[in-house]
Amino acid sequence: FVAALQCLPPGPRAVLILRDVAGLTAAEVAAVLEMTECSVGGTLKRARAALAARLPGADRAPAPPPYSARERAVVAAFTRAVEQADVDAILALLTDDVRLAMPPLPRAYQGLPAIGRLLRRTAFRAGRRYRLLATHANRQPAFGCYLADPGIPVLHAHGLLVLTLAGDRICVLTRFTDNALLPRFGFPRTLPSGPGGG
C-alpha cells in the first residue's frame, strides 16, 4: 500500500490519505487543501482507481462500505463461524486466494488449503473456543479475540484480528498477536465466560 501510494501525484495522494486513512469528510479535506468538495470527490475517485490498479488483487470486488448492512452481514457470519468453531463455515467466507498474516511474525499463509490446515490443526485444536468482540481498525472490520480456558471461568485476550473484504468475502486476515493493542480499542484483557465464550 505504501509503495503504491508513493506512485500517486502529491495532490491525489493527499486527498486519498485525508479521506481514506484519516477519515476526514470531503468538506474538511476541501478546507484543508483549498479545493471544492466536487474536486475532492473527483480526485479521490481517480486516486483510488490508480492505487487499486497497483495493488495485488486489483481485480477483486470492492469492499462494502464500512458500517454498511453488507459489511455487518459478513461480520455476523464470521463471528458465528468462529464462536461455533465451524472451520468449514469460516472457509466458505474466504476468497480462494485468501492470505493470513500474523505480524510481527514473518510467516504468512496463502490459499484455502493452507489456511484450512492451520485452523484445524492449530487455531481450533483440542476443542479450543473463542469469543469475538467486533470493532473497526483502519476502516476495516476487526475483532478483539478471546480464548476460553476450560479450567478457569474467564476468557483471555488472544490478539486483534482485522479483516480485509472483497465484496461479501474475506481476502485477507491479519491477526496481531500483541494483546497490548486491545485496550486501544476499549477491550479488556479478560472477559467472563458465558454464552459464546466457551
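For the structure, check the block above.
Residues numbered from 1 in each chain as written. Predicted model: local features only at pLDDT ≥ 70, side-chain atom pairs only at ≥ 80, totals over all residues. Heavy atoms only, no water.

## Structural notes on the overall build of the chain
Okay, step 1: The secondary structure content of the chain amounts to seven helices and seven strands.
Okay, step 2: When the helices and strands of the chain are listed from N to C terminus, the series reads α-α-α-α-α-α-β-β-α-β-β-β-β-β.
Okay, step 3: In terms of overall dimensions, the chain has a C-alpha envelope of 60 × 35 × 30 Å along the principal axes.
Okay, step 4: Out of the 198 residues in the chain, the part that is buried amounts to 39%.
Okay, step 5: Carbon and sulfur atoms form 59% of the exposed surface of the chain, whose accessible area is close to 10800 Å².
Okay, step 6: Charge centroids of the chain, computed over 24 positive and 14 negative side chains, lie 5 Å from each other. (Helix = DSSP H or I, 4+ residues; strand = E, 2+ residues; numbered from the N terminus. Buried < 20%, exposed > 50% of the residue type's maximum accessible area, 1.4 Å probe, protein only. Areas by Shrake-Rupley, 256 points an atom, 1.4 Å probe, with all protein chains shown as cover. Lys, Arg positive; Asp, Glu negative; His and termini not counted. Charge placed at Lys NZ, Arg CZ, Asp CG, Glu CD.)

## Digging into helix 5 (residues 69-83)
Okay, step 1: Helix length check: helix 5 (15 residues) gives 21 Å between terminal C-alpha atoms against 21 Å at 1.5 Å per residue, within 8%.
Okay, step 2: Among the residues of helix 5, those classed as buried are Glu71, Val74, Val75, Ala77, Phe78, Thr79, Ala81, Val82 and Glu83.
Okay, step 3: Among the structural elements, helix 6 (87-92), strand 3 (130-137), strand 4 (140-148), strand 5 (154-166) and strand 6 (169-176) are those in contact with the buried residues of helix 5.
Okay, step 4: Of the residues one or two after helix 5, Ala85 is the one with positive phi, at around 55 degrees. (Expected span 1.5 Å × (residues − 1). Contact = heavy atoms within 4.5 Å.)

## Concerning the packing of aromatic side chains
Okay, step 1: In total, this model carries two aromatic pairs according to the counting rule given.
Okay, step 2: For the ring pair Phe78 and Phe143, a centre distance of 5.5 Å and an interplane angle of 35 degrees mean the geometry is tilted. Of the two residues, Phe78 is situated in helix 5 and Phe143 in strand 4; the sequence distance between them amounts to 65 residues. The pair formed by Phe78 and Phe143 is uniform in burial state, with each residue classed as buried.
Okay, step 3: Plain terms: the ring middles of Phe124 and Tyr130 are 5.3 Å apart, the flat faces sit at 80 degrees to each other, and that makes the pair edge-to-face. Both residues of the pair, Phe124 and Tyr130, belong to the buried class. (Phe/Tyr/Trp six-rings, centres within 6.5 Å; stacked < 30°, edge-to-face > 60°.)

## Comments concerning the nonpolar core
Okay, step 1: In this structure, Phe78, Ile170 and Leu173 are the most contacted members of the largest nonpolar core, which totals 30 residues.
Okay, step 2: If one sorts the elements of this core by residue count, helix 5 sits on top with six residues. (Core = buried A, V, L, I, M, F, W, Y, C linked by side-chain atoms within 4.5 Å.)

## Re the pattern of salt bridges
Okay, step 1: Scanning all chains against the criterion turns up three salt bridges.
Okay, step 2: Of the charged contacts in the structure, one is a salt bridge between Arg48 and Asp20, with a shortest N-O distance of 2.7 Å. Of this pair, Arg48 sits in helix 4 (residues 37-54) while Asp20 sits in helix 2 (residues 10-21); the two residues are 28 residues apart in sequence, bridging distant segments of the chain.
Okay, step 3: Of the charged contacts, one joins Asp168 and Arg70 as a salt bridge, the two residues approaching to 3.0 Å between their closest N and O atoms. Residue Asp168 is found in the loop between strand 5 and strand 6, and its partner Arg70 is found in helix 5; the two are separated by 98 residues along the sequence.
Okay, step 4: Its relative accessible area of 43% is what places Asp168 among the partly exposed residues. (Salt bridge = Lys/Arg side-chain N within 4 Å of Asp/Glu carboxyl O.)

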